Amino acid sequence: MLDQIAGDLDYPMLVVTAAAGGRRTGCLVGFSTQTSIDPSRFLVCLSRRNLTYEVALEAGALGVHFLGRDDLDLAELFGGESGHRTDKLARCDWREGPHGVPVLARPPAWFAGRVLERIDLGDHVGFLLEPGAGERRAPLDQLGFARCRHIAAGREA
């Protein structure tokens, strides 16, 4: 029953980026939430099967990018390609940001968050972040899950 209900939700889609051990990558994320106001905390959940998860295990910080409605192509790139086979960052504009995390050029908002905890959540692992530097480049007109349903996962969750 939860699958049927969750399938109708239009939760915001994000791209999470990570850098560690000479590797840089990112993935599309649908499971995320703010968990605290004071102190500021944010949780992103990464599938154990993707390269971003592997790199994030070694990373001290992650980049969290909030996609706008015009960022469907980024969602398709980061959600439809496997980092094990494709250098996704070679196919978009980005720069090195705080803590060495890749910062994508286009999304309307992003932050770099220091990893405080890694939490086993089943087939995903939650990364509890302490948000730090970031920017809001434009008002958020969020890209939601409903517009991303057609993306075939680059690697099964």
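Throughout, residues of each chain are indexed from 1 in the direction in which the sequence is written. In view of the model being predicted, local features appear only for residues whose pLDDT reaches at least 70, and side-chain atom pairs are presented and counted only at 80 or more, with totals across whole chains, interfaces and linings using the full set of residues. Just so you know, side-chain values use all the structure's heavy atoms and leave hydrogens and water out.

A. Structural detail: the overall build of the protein. The number of helices and strands found in the protein is three helices and nine strands. Starting at the N terminus, helices and strands are each numbered in turn, a helix being any DSSP run of H or I of at least four residues and a strand any DSSP run of E of at least two. Reading the protein from its N terminus to its C terminus gives the helix and strand order α-β-β-β-β-α-β-α-β-β-β-β. For 157 residues, the compact-globule estimate of 2.2 N^0.38 gives 15 Å, and the protein sits close to it at 14 Å. C-alpha extents for the protein along the principal axes are approximately 40 × 35 × 30 Å. Burial status follows relative accessibility: with a 1.4 Å probe on protein chains alone, a residue under 20% of its type maximum counts as buried, one over 50% as exposed, and anything between as partly exposed. Across the 157 residues of the protein, 48% fall into the buried class. The contact criterion used is simple: two residues touch if any of their non-hydrogen atoms lie within 4.5 Å. Considering only residue pairs separated by 6 or more positions, the protein has 68% of its internal contacts joining residues 24 or more positions apart. With the radius of gyration taken over C-alpha atoms, the globule rule is written as 2.2 Å times the number of residues to the power 0.38.

B. Structural view of the state of the cysteines. Here, the term disulfide refers to a pair of cysteine sulfur atoms separated by no more than 2.5 Å. A full pass over the atoms with the stated rule returns zero disulfides. In this model Cys45 remains outside any disulfide bridge; the closest cysteine sulfur is found in Cys27, 11 Å from its own. Owing to a relative accessible area of 11%, Cys45 belongs among the buried residues under this scheme. Between Cys92, a cysteine without a disulfide, and Cys27, which holds the nearest cysteine sulfur, the sulfur-to-sulfur distance is 13 Å. Judged by its relative accessible area of 16%, Cys92 falls in the buried class.

C. View of unusual backbone geometry. With omega at 10°, the peptide bond leading from Asp38 into Pro39 counts as cis. By the element assignment, Pro39 lies in the loop between strand S3 (32-36) and strand S4 (41-47). A positive phi angle, close to 60°, is found at His99, a residue other than glycine. Inspection of the secondary structure puts His99 in the loop between strand S6 (94-96) and strand S7 (102-104).

D. Fine view of the nonpolar core. Only buried Ala, Val, Leu, Ile, Met, Phe, Trp, Tyr and Cys residues count toward a nonpolar core, and they belong to the same one when joined by side-chain atoms within 4.5 Å. If you look at the biggest cluster of nonpolar residues, it comprises 23 residues, and the most contacted ones within it are Val44, Leu46, Leu62, Val64, Phe127 and Leu129. Only strand S1 (14-20), strand S2 (23-29), S4, helix H2 (51-56), strand S5 (61-66), strand S8 (109-120) and strand S9 (124-136) provide two or more residues apiece to this core. Leu74, Ala75, Leu77 and Leu89 belong to the second largest nonpolar core, which has 15 residues in total.

E. The packing of aromatic side chains, seen in detail. Centre distance within 6.5 Å is the pairing criterion for rings of Phe, Tyr and Trp, where only the six-membered ring of Trp is used; planes under 30 degrees apart are then read as stacked, over 60 as edge-to-face, and the remainder as tilted. Across all of its chains, the model carries five aromatic pairs by this definition. Taken together, a centroid distance of 5.9 Å and an interplanar angle of 75° make the contact between Phe42 and Phe66 edge-to-face. Of this pair, Phe42 sits in strand S4 while Phe66 is found in strand S5, placing the two residues 24 residues apart along the sequence. Each of the two residues, Phe42 as well as Phe66, counts as buried.

F. View of the side chain of Thr25. Position of Thr25 relative to the elements: it lies in strand S2. Since its relative accessible area comes to 5%, Thr25 is described here as buried. Among residues more than four places away in sequence, those in contact with Thr25 are Val16, Thr17, Ala18, Leu51, Thr52, Val55, Gly83 and Leu89.

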